[in-house]
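Descriptive structure summary
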Amino acid sequence: MRQYIKELYKRRDLLFYLIISGLKAQYRNTFLGFFWWLLDPFLSVMVYYFLVVIVLGRGSQVENYGAFLVVGLIAWRWIRSVVNSSSRSIVLHSGIITRVYLPKAIFPISVCFSQLINFSIGLLIVAGVLACFRIVPGIQTLWLPVLMLMQLVFLIALSLVIGYVCVFIRDIDNLIHHFMRFWFYSSPVIWAKGRLPERYSWIVDINPVSAYLNSYRNILLYNESPEFAKLIPIVAVSLVVIVAMLYYYSRNEHKIIKAL
């Protein structure tokens, strides 16, 4: 496994290329081009704001609901994009993989960093909305890079597992879309934690996404610290999964090639 990690480091130039090409491919041949990096999350916010506030009339139950919504959607968008893209990350590069030896783990990892850049751009939307609501984040904002790093570790672990499994069980890619829809509505993205009946509160407690969403809102909206009591165990488990998956990748690279 040590040799495999060294090989990943040697291929860091390929990693940078995959990150940039992944960003370019996202809106290639579109009229607005890279402007979609800002427009796409903004339109998502407008759709859900219209649904929850205008149609359902529930926004008044949360103070500064527009800001609450945009923070949740931008953070969730990073998770959703990584899961959807990592499921196809290895299969889409089968033409290269079957001809040249490359550490296969580099493909799902590159997806996480590409979407990290997308998330960082989405923070511009967050900043604009906070300004509209006259919300000024305090010194707790200094925790933002730490929180992003913690989420990145979680997503790398998730992408390594999904990328590997989808090579051998292609049906998982179809199921992921339905699972992500359930995960979205079972996470406090567009609703506050207290909205669930008491008997279902355990869903939020065991949901790792909840810890990240609440932590982003704490530091950007409420001038509070992230939920480290929940985040640290998630990151610890994620690191164990990353090490285990890198070991598993290194031992089963030949099986991936055969499956492709």
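Please refer to the structure higher up on the page.
Residues numbered from 1 in each chain as written. Predicted model: local features only at pLDDT ≥ 70, side-chain atom pairs only at ≥ 80, totals over all residues. Heavy atoms only, no water.

1. A look at the overall build of the protein
A count of helical and extended segments in the protein gives twelve helices and zero strands. Along the chain direction, N to C, the helices and strands of the protein fall in the order α-α-α-α-α-α-α-α-α-α-α-α. For the protein, the C-alpha radius of gyration of 19 Å lies close to 18 Å, the compact-globule estimate for 260 residues. With the principal axes as the frame, the protein shows a C-alpha extent of 55 × 45 × 35 Å. Burial analysis of the protein (260 residues in total) assigns 47% to the buried set. Across the protein, every contact between residues at least 6 apart in sequence was considered, and the portion connecting residues at least 24 apart equals 80%. Here the protein displays about 13700 Å² of accessible surface, and carbon together with sulfur accounts for 66% of that area. Taken together, the 24 basic and 11 acidic charged side chains of the protein have centroids lying 8 Å from each other. (Helix = DSSP H or I, 4+ residues; strand = E, 2+ residues; numbered from the N terminus. Rg over C-alpha atoms; globule rule 2.2 N^0.38 Å. Buried < 20%, exposed > 50% of the residue type's maximum accessible area, 1.4 Å probe, protein only. Contact = heavy atoms within 4.5 Å. Areas by Shrake-Rupley, 256 points an atom, 1.4 Å probe, with all protein chains shown as cover. Lys, Arg positive; Asp, Glu negative; His and termini not counted. Charge placed at Lys NZ, Arg CZ, Asp CG, Glu CD.)

2. Here's the deal with helix α3 (residues 36–55)
For α3, with 20 residues, the first-to-last C-alpha span of 26 Å sits near the 28 Å given by 1.5 Å per residue. Of all the bends in α3, the greatest measures close to 25 degrees and is centred on Tyr-49. Every buried residue of α3 is listed here: Trp-37, Leu-39, Pro-41, Val-45 and Val-52. (Expected span 1.5 Å × (residues − 1). Bend = angle between axes of the 7 residues up to and from the residue.)

3. Considerations on the side chain of Lys-104
On the secondary structure map, Lys-104 appears in the loop between α5 (94–97) and α6 (106–132). Excluding residues within four positions of it along the chain, Lys-104 makes contact with Tyr-4, Ile-90, Ile-97, Tyr-249, Glu-253, Ile-256 and Ile-257.

4. Focus: unusual backbone geometry
Across the chain, the bulk of peptide bonds are trans and the bulk of non-glycine residues have phi less than zero. Look at Asn-64: it is not a glycine, yet its phi comes out positive at around 50 degrees. Among the secondary structure elements, Asn-64 is positioned in the loop between α3 and α4 (65–86). For Asn-64, a relative accessible area of 30% corresponds to the partly exposed category. One non-glycine residue, Asn-223, adopts positive backbone phi at about 55 degrees. In this structure, Asn-223 sits in the loop between α10 (208–221) and α11 (228–251).

5. Digging into the packing of α4 against α10
The N-to-C vectors of α4 and α10 enclose an angle of 135 degrees; their axes lie 10 Å apart at closest approach. Classified by the angle between their axes, α4 and α10 sit oblique to one another. The two elements α4 and α10 meet at a crossing, and its hand is right-handed. Contact with α4, carried on its side by Ala-67, Phe-68, Val-71, Gly-72, Ala-75, Trp-76, Trp-78 and Ile-79, involves Val-209, Leu-213, Tyr-216, Arg-217, Leu-220 and Leu-221 of α10 and no other residues of that element. Of the residues that constitute the contact of α4 with α10, the class distribution is twelve nonpolar, one polar and one charged. (Axes fitted to C-alpha atoms, helices over the stretch in contact; angles between N-to-C directions. Parallel < 35°, antiparallel > 145°, perpendicular 65-115°, else oblique. Left-handed = near helix turned anticlockwise from the far one by under 90°. Nonpolar A, V, L, I, M, F, W, Y, C, P; charged D, E, K, R; others polar.)

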